[in-house]
Amino acid sequence: MALTLWASSTANALKISCASKPHLSLAFSFSRCFSTVLDGLKYANSHEWVKHEGSVATIGITDHAQDHLGEVVFVELPEPGGSVSQGKGFGAVESVKATSDINSPISGEVVEVNSKLTEAPGLINKSPYEEGWMIKVKPSSPSELESLMGSKEYTKFCEEEDASH
């Protein structure tokens, strides 16, 4: 893990492009060193992703966010039946480095929470877009999705953000 973090930091500093994670198809992902950005999702500038399917939207934190957080050791999530508002906090992620609020990229009613994260918060590190999803929401204003970034825009956003640090 330390070698991966060192390689990622070094590659970022040298502006070197890296290969994508082997388990993801190149047709469906963009790689930014060791962080993967999936096509077909929407992204907030606070590093959460949304996958809207039918009447439900799945929300989690991005690979970029979990990479910067480090090993996730605790996750605080809302109860089903509650509501979330775009840009407002709905929970927190605690890592070995810091505790960070999680903001909702869209507004709506929480219909499901990933209870696996209570016992295995590391799923966020292992699989941020699949097993590490956080909540499922019934959007109250689906048009909010239009204000979020696509994969190419988010990749550029992350590159610019990292370059400024």
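Owing to the predicted nature of the structure, the values given are computational and were not obtained by experimental measurement. (Residues numbered from 1 in each chain as written. Predicted model: local features only at pLDDT ≥ 70, side-chain atom pairs only at ≥ 80, totals over all residues. Heavy atoms only, no water.)

Chemist: Any chance you could explain the confidence of the model for the protein here in plain terms?
Modeler: Parts of the model with low pLDDT should not have their predicted coordinates read in detail. When pLDDT is averaged across the protein, the result is 84; 79% of the residues are at 70 or more. Contacts of residues 1–33 to residues separated by more than four positions or lying in other chains number 49 contacts, the stretch itself having pLDDT below 50. (pLDDT = per-residue confidence, 0-100. Contact = heavy atoms within 4.5 Å.)

Chemist: Is there a simple way to think about the sheet that holds strand β5 (residues 56–61) in this case?
Modeler: Strand-to-strand pairing in sheets goes through backbone hydrogen bonds, with the strands running parallel or antiparallel. Read across the sheet, six strands follow the order β3-β4-β5-β11-β10-β7 without closing on themselves; strand pairing throughout is antiparallel. Where the open sheet ends on each side, the last strands, each with one partner, are β3 (42–43) and β7 (83–84). Pairing of β5 with strand β11 (residues 135–139), which is carried by three bridges, proceeds in the antiparallel orientation. Across the sheet, the residue bridging to Ala57 is Val137, located in β11. (Pairing = 2+ DSSP bridges. Helix = DSSP H or I, 4+ residues; strand = E, 2+ residues; numbered from the N terminus.)

Chemist: Hey, could you run me through the sheet that holds strand β9 (residues 99–103) in this one?
Modeler: In space, the three strands of this open sheet follow the order β6-β8-β9, with antiparallel pairing throughout. Taken across any chain shown, the strands that pair with only one partner, and hence form the sheet edges, are β6 (72–76) and β9. Strand after strand, the sheet turns through a mean of 25 degrees between neighbouring axes, direction not considered. Inspection of the sheet shows strand β8 (residues 89–95) paired to β9 by five bridges, in the antiparallel sense. Following the sheet pairing, Gly91 is matched in β9 by Ile102. (Axes fitted to C-alpha atoms, helices over the stretch in contact; angles between N-to-C directions.)

Chemist: Mind showing me how you'd approach unusual backbone geometry here?
Modeler: Note: most peptide bonds trans; most residues except glycine with negative phi. With phi around 75 degrees, His47 is a residue other than glycine that occupies positive phi space. If you trace the backbone, His47 turns up in the loop between β3 and β4 (48–53).

Chemist: Just to check I follow, could you spell out the nonpolar core for this structure?
Modeler: Across soluble globular proteins, you tend to see nonpolar side chains buried next to one another. Counting 25 residues, the largest nonpolar core has Leu77, Phe90, Met134 and Ile135 as its most contacted members. The dominant element in this core, judged by the number of residues it contributes, is β5, at three residues. Excluding anything up to four places from it in sequence, Ile135 contacts Ala57, Thr58, Ile59, Leu77, Pro78, Val84, Phe90, Val110, Glu112 and Val113. Counting ten residues, the second-largest nonpolar core is a separate cluster that includes Val37, Leu38, Leu41 and Tyr154. (Core = buried A, V, L, I, M, F, W, Y, C linked by side-chain atoms within 4.5 Å. Buried < 20%, exposed > 50% of the residue type's maximum accessible area, 1.4 Å probe, protein only.)

Chemist: Help me understand a nonpolar patch on the surface in this model?
Modeler: Judged by side-chain polarity, Val73, Phe74 and Val96 come together as a nonpolar surface patch covering roughly 270 Å² of accessible area. You can see Val73 is positioned in strand β6. For Val73, a relative accessible area of 39% corresponds to the partly exposed category. (Patch = residues over 30% accessible without salt bridge, like charges linked within 9 Å, V, L, I, M, F, W, Y side chains within 5 Å. Areas by Shrake-Rupley, 256 points an atom, 1.4 Å probe, with all protein chains shown as cover. Salt bridge = Lys/Arg side-chain N within 4 Å of Asp/Glu carboxyl O.)

Chemist: Quick question: what am I supposed to make of the side chain of Thr58 here?
Modeler: Position of Thr58 among the secondary structure elements: in strand β5. Apart from residues lying up to four places away in sequence, Thr58 is in contact with Trp49, Val50, Lys51, Trp133, Ile135 and Lys136.

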